[in-house]
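One-letter residues, chain by chain:
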Amino acid sequence: MLTRLIVNFACLLKASTNYRNTKLFFYNLLENPESRIKSNFNVVMICLVLSSVFLLIYEVDTQFTGIERLFEYFLVTLFIIEYLLRAWLYNDVHKIILENYEKAEYLNSPFRLGKVVRLILAKKIEYIFTPLAVIDLLAILPSYRPVKMLQVLLIFRLLKLLRYFKSLNLFAEILSSKRFELYNLITFLGFLVFIGSTGIYLFEHPTNSGEVGNLFDAAYWAIVTVSSVGYGDIAPKTTGGRLVAMALILTGLGVLSFVISIIVSAFNDKMQDLRENRTYAELKRYPGFVIICGFGRVGLHIASQLEKHRQRFVVIDSEEVNALKARRLGYLVIHADASKYEVLINAGIRNRAAAVLCATGDDVVNVYITLTSRHLNPAIRIISRANSQDNVKKLYQAGADNVIQPFEIAAMVVAEYIGQPVAFEAILGIIREEKQIIMETLIVHSGSVIDGISIFNVDLEQRKLMLVGVISANPVHRKHKNRYKLKNEHFYFNPDPNFVLQAGDLLVVLGRVIAIDYFRDQIEKSRIGNGLKP
Amino acid sequence: MKRIAVFGYSIMSLEVMSRLNEDQYSLVFIGQDESEAALVEEKGFASKIIDFRNDDELRSIGIGADIDIIFCFYPKDSDNVFLTFSARAIDKALTIVAIVDDPESAEILLAAGANKIIDPYEICGRKTHDMLAKPDITNILDAAVFGRHDLHIAQIEIPEGSYLENTRSCDLKLGEKYNLILIGVVDRESGEALHFAVGEKECTLNAGDVLVVLGPSREISSFKEEVEAVL
């Protein structure tokens, strides 16, 4: 009967969306390293832990007032709830029950509740003995007043901070990655201390007019000496004792420098991961950034342009020199191969990235990155560099929206410069926004003041703007002349005054920034005035 | 017809030569060896082989005489600097266009006497950014500047005796009369700077002023003919 009830309850939990959502919420709050709510929770917990430690230190020589005690109770309750929640999140009890039940049903063997309970308990005990859970438990204990000794466990409350600080975790990871080397060194150090303390005890025993009264003093002296701290409270008097001291200092120096070099090299190895984690964390905060693949000459210029226009971007390059160059310039860098799925996904190609720029000097790599990027995100904008004319078509086929050939463009620039320097400089000035005059597009919003109005009535001249043309995909305009095909739409150059603007059309205007911004504002306002959302 | 000498075999040299109109320019490729010259001749361009380090040989191809423009397109910046330096010493009025590999060499090239420095990577970087930030405008200006459609941007100098002399820029009404858009005017009286024809003070046109117009090539030619027809 009880078994039936438990199995039914487990089924209910499995089917319940509320239960799943609640567990997911607590997982995001406590465990999910990707979630934002967890980082906020961590900050709150760090503050609470620190204030509780100060409170406990304060309690050492003063008595708690009512509020302080209340705060301590609140904290301990919070710690206990957190501990229990983590134990709950560690695994799914209902899954163990159902798995065993289904197994028993399949094999036609009896379902033993006792065995399942044992399995569940084993899992929970496994959790209890994980290092961080032990620290959590020990952090709760100092609040237990009757045993004053437990106050020493205060130190564990500080250790609880390990949970909330990523960098502390990293330090623990580094130590554990070098545990083999460290174990060996610690064993060696243990031997040294043992030999040193035995030696000093034999030579510096009070019977030999020395200061080392017992083995504890000897071990204390050996550790102080080997670590090159040397308080000097116990100093060898005999020649034998001094020889032991000299040997211990020299070997101690060697061992210590060895330990330090191991930790430093481990840090160096981890530095790469650390930097990349920082890059990924920073990227998560930006919506609509650009991914630049390849940081050669072209990539460098693209990055400086994006930086100038305050647009967020990340550089991906597999070459150490290029990654270092980008890092020195203060850019976000991922030192990896951009043609790898994982690298692009981690960089955020599927969600937050707005565009991918393939700027490597190798067309083969550019085609590969373009294909990968298009596969990972069919909607993303891809602009690729082609070094050879033969590969332009391939890049378009691979999914690039635009293909740019450095030498072709440079040659065009030279030809224009030679033929029409004045006209060329004018256009260059407009493109680079170096003059006060710029060329911009203004969208005809549905319901705005210019929607359904003829160009004659828009009176751009009075607004100190010059209309170059209209970009539109609307078939209504097809009858007009001066039509030039763009990708999926048409550009109507110098449209006649009877050209009636339709919603979605883009006006290409030339004018001062203030005049363009003012007109854009007017279009927006008229639209909101007509009750339409911006 | 302007005479242009192109130094150095590279993708750039071939691209530029194929883009320059053969009716307006007389092009000669200057190679360092037979193989380079043969490759260029295959594409239908004239070529000569000289050692650019020798001033006499430079003079022999017409620098200091009938060559108006030289392109220094050697892959090495030091070669381009040397050529620029030598050519400038021979002809003060020569137009020298040089490409640069290392951006730091740009200043040296300018100091050596180059008129225009082209950094293909910089141009490509800017272009990629323009394409990303303003795709519509970049597409249209591309079409206009690089003639990808029948849309062109052109500069037209007003000769003495043209019917446009002493007219005001706002009275031109190019949009209605010629299907052209007047982008701006270089008023020689006030210097070499281009005054955009929008929101700026109108100026009276004189001989020597330059009009920058945008429009279909046929309309540009007919307007040019009318402007250049001396009364």
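Note that the structure is predicted; figures quoted are calculated from it, not measured.

Chemist: Lay out the nonpolar core in plain terms, naming residues and giving numbers.
Modeler: Ranked by size, the top nonpolar core spans 94 residues in total, and within it Ile291, Ile292 and Leu357 of chain A together with Val6 and Phe7 of chain B carry the most contacts. Setting aside its immediate chain neighbours within four residues, Leu357 of chain A contacts Val290, Ile291, Ile292, Cys293, Ile302 and Ile383 of chain A together with Thr128 of chain B. If you look at the next biggest cluster of nonpolar residues, it comprises 62 residues, including Ile156, Ile183, Leu211 and Leu214 of chain B.

Chemist: Residue-level account of the interface of chain B and chain A, with values.
Modeler: Each partner contributes to the interface: chain B provides 54 residues, whereas chain A provides 56 residues. Residues that form the side of chain B that touches chain A fall into these classes: 35 nonpolar, eleven polar and eight charged.

Chemist: Tell me about the pairing of strand β10 (residues 490–493) of chain A, and name the residues and values.
Modeler: Remark: a regular strand shows side chains that alternate across the two faces of the sheet. Residues and elements named next belong to chain A. Going residue by residue along β10, you find His490 and Tyr492 tucked away on one face and Phe491 and Phe493 tucked away on the opposite face as well. Here strand β8 (residues 465–472) pairs with β10 via four bridges, running antiparallel. Residue pairing across strands places Ile471 opposite Phe491, the latter belonging to β10. Where strand β9 (residues 483–485) lies against β10, three bridges are found, and the strand directions are antiparallel. In the strand pairing of β10, Arg483 is matched with Tyr492. Counting the residues in the hairpin turn of β9 and β10 gives four residues.

Chemist: How would you sum up the pairing of strand β1 (residues 2–7) of chain B? Please name residues and give values.
Modeler: Residues and elements named next belong to chain B. Where β1 and strand β2 (residues 25–31) come together, six bridges link them in parallel fashion. Counted as the bridge partner of Arg3 is Ser26 from β2. This β-α-β element, β1 to helix α1 (residues 11–19) to β2, shows right-handed connectivity. Where β1 and strand β4 (residues 69–72) come together, four bridges link them in parallel fashion. Within β4, the residue paired with Val6 across the bridge is Phe71.

Chemist: So, the environment of Ala355 of chain A: which residues are in play, and what are the values?
Modeler: Along the chain, the position of Ala355 of chain A falls in strand β4 (residues 353–358). Here the alpha-carbon distance between Ala355 of chain A and Ile383 of chain A, two residues 28 residues apart in the chain, equals 7.8 Å. Other than its neighbours up to four places away in sequence, Ala355 of chain A contacts Val290, Ile380, Arg381 and Ile383 of chain A together with Leu132 of chain B.

Chemist: Outline helix α15 (residues 320–328) of chain A, supporting the account with residue identities and numerical values.
Modeler: Residues and elements named next belong to chain A. Every buried residue belonging to α15 is among Asn322, Ala323 and Ala326, and all of these are buried. Projected down its long axis, α15 shows its buried positions confined to an angular sector of 100°, all on one face. Residues of α15 that are exposed and point more than 90 degrees away from the buried face comprise Glu320, Val321 and Arg328. The secondary structure elements touched by the buried residues of α15 are β2 (313–316) and β3 (332–334). Phi turns positive, to about 85°, at Gly330, one or two residues after α15.

Chemist: How would you sum up the sheet that holds strand β6 (residues 402–404) of chain A? Please name residues and give values.
Modeler: All names here are of chain A. A sheet is described by the order of its strands in space; here six strands give the open sequence β3-β2-β1-β4-β5-β6, paired in parallel fashion. Since the sheet does not close on itself, it has two edges, and those belong to β3 and β6, each with one partner. Averaged over all adjacent pairs, the angle separating strand axes in this sheet is 20°, with direction ignored. Of the strand pairs in this sheet, strand β1 (residues 289–293) and β2 are connected by four bridges, and their pairing is parallel.

Chemist: So, the packing of helix α5 (residues 93–107) of chain A against helix α6 (residues 113–128) of chain A: which residues are in play, and what are the values?
Modeler: Residue and element names in this part refer to chain A. The interhelical angle for the contact between α5 and α6, taken along N-to-C directions, is 145°, at an axis separation of 10 Å. As α5 runs across α6, the sense of the crossing is right-handed. Contacts between α5 and α6 involve Val93, Ile96, Ile97 and Asn100 from the former and Val116, Leu119 and Ile120 from the latter. Among the residues making up the contact of α5 with α6, the classes are represented as six nonpolar, one polar and no charged.

Chemist: So, the environment of Glu68 of chain A: which residues are in play, and what are the values?
Modeler: Relative to the assigned elements, Glu68 of chain A resides in helix α4 (residues 66–90). Residues Glu68 of chain A and Leu55 of chain A lie 13 residues apart in sequence; the distance between their C-alpha atoms is 7.6 Å.

Chemist: Lay out the sheet that holds strand β9 (residues 194–196) of chain B in plain terms, naming residues and giving numbers.
Modeler: Residues and elements named next belong to chain B. A sheet is described by the order of its strands in space; here four strands give the open sequence β7-β10-β8-β9, paired in antiparallel fashion. Where the open sheet ends on each side, the last strands, each with one partner, are β7 (151–157) and β9. Neighbour to neighbour, the strand axes of the sheet diverge by 25° on average, direction disregarded. One ladder, built from five bridges, connects strand β8 (residues 181–186) with strand β10 (residues 210–216); its direction is antiparallel. Within the sheet, the bridge partner assigned to Val186 lies in β10 and is Val210. The strands touched by helix α9 (residues 217–228) within the sheet are β7 and β10, with β10 carrying the most contacts at an inclination of about 145°.

Procedures and definitions
Residues numbered from 1 in each chain as written. Chains lettered and ligands numbered in written order. Predicted model: local features only at pLDDT ≥ 70, side-chain atom pairs only at ≥ 80, totals over all residues. Core = buried A, V, L, I, M, F, W, Y, C linked by C-beta atoms within 7 Å. Buried ≥ 20, exposed ≤ 12 C-beta atoms within 10 Å, placed from the backbone. Contact = placed C-beta atoms within 7 Å. Nonpolar A, V, L, I, M, F, W, Y, C, P; charged D, E, K, R; others polar. Helix = DSSP H or I, 4+ residues; strand = E, 2+ residues; numbered from the N terminus. Pairing = 2+ DSSP bridges. Right-handed = clockwise from strand over helix to strand, strands pointing away. Arc of directions from axis to C-beta. Axes fitted to C-alpha atoms, helices over the stretch in contact; angles between N-to-C directions. Left-handed = near helix turned anticlockwise from the far one by under 90°.

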